[in-house]
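# Structural overview
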Amino acid sequence: MSSELHKYIETAIEKKKNLFNAEVLDFPPIDKKIDISKKLESNSKNYWKINDDSNKDQLKAITGICFMIGVLFILGLLTNITSV
């Protein structure tokens with residue numbers, strides 16, 4: 001047990017030594033300006049359609065959820081009417 005503890009302490013000390021020997025990264029100079037306006041151009045003609053061929057699974061999921069909500073709503077109304 002003591003040998004395992006001794007190994008654990010040695011590895012912890014080595015990790016701490018490695019932490020103090022870490023190098024600082026060089027950052028780009030502040031004088032260099034980045035043109036962000038080119039990256040932020042928006043395309044107003046690009047919009048999402050649920051009826052696209054690539055979205056068939058999403059359309060099925062939305063249809064199923066709406067169908068189940070409709071069925072539960074109708075069943076709730078029918079049980080309310082019949083219990084009165």
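What you see is a predicted model, and the numbers here were worked out from it, not measured in a lab.

## Considering the overall build of the chain
When you go through the chain residue by residue, the secondary structure sums to two helices and zero strands. Residues classed as buried in the chain amount to 1% of the 84 residues present.

## A closer look at the side chain of Asn 55
With respect to the helices, strands and loops of the structure, Asn 55 is situated in the loop between helix 1 (2–20) and helix 2 (56–83). Look at Asn 55 and you get buried, because its relative accessible area is 8%. If we skip the residues at most four places from it in the chain, Asn 55 touches Trp 48, Lys 49 and Ile 50.

## Focus on the environment of Leu 59
Relative to the helices and strands, Leu 59 resides in helix 2. According to the relative accessible area criterion, Leu 59 is partly exposed, its value standing at 32%. Through-space distance from the C-alpha of Leu 59 to that of Lys 49 is 9.8 Å; in sequence the pair is ten residues apart. Residues contacting Leu 59, with those up to four places away along its chain left out, are Ile 50 and Asn 51.

Criteria and cut-off values
The numbering scheme is per chain: residues are counted from 1 as the chain's sequence reads. Side-chain atom pairs in this predicted model are given and counted only at pLDDT of 80 or more, local residue features only at pLDDT of at least 70, and totals for whole chains, interfaces and linings cover all residues. Side-chain metrics in this entry use all non-hydrogen atoms of the structure; hydrogen atoms and water are not considered. Per the convention used, a helix needs a DSSP run of H or I reaching at least four residues, while a strand needs a run of E reaching at least two, with both numbered from the N terminus. Throughout this description, buried means an accessible area under 20% of the type-specific maximum (1.4 Å probe, protein chains only), exposed means over 50%, and partly exposed covers the range between. We call two residues in contact when some of their heavy atoms are within 4.5 Å.

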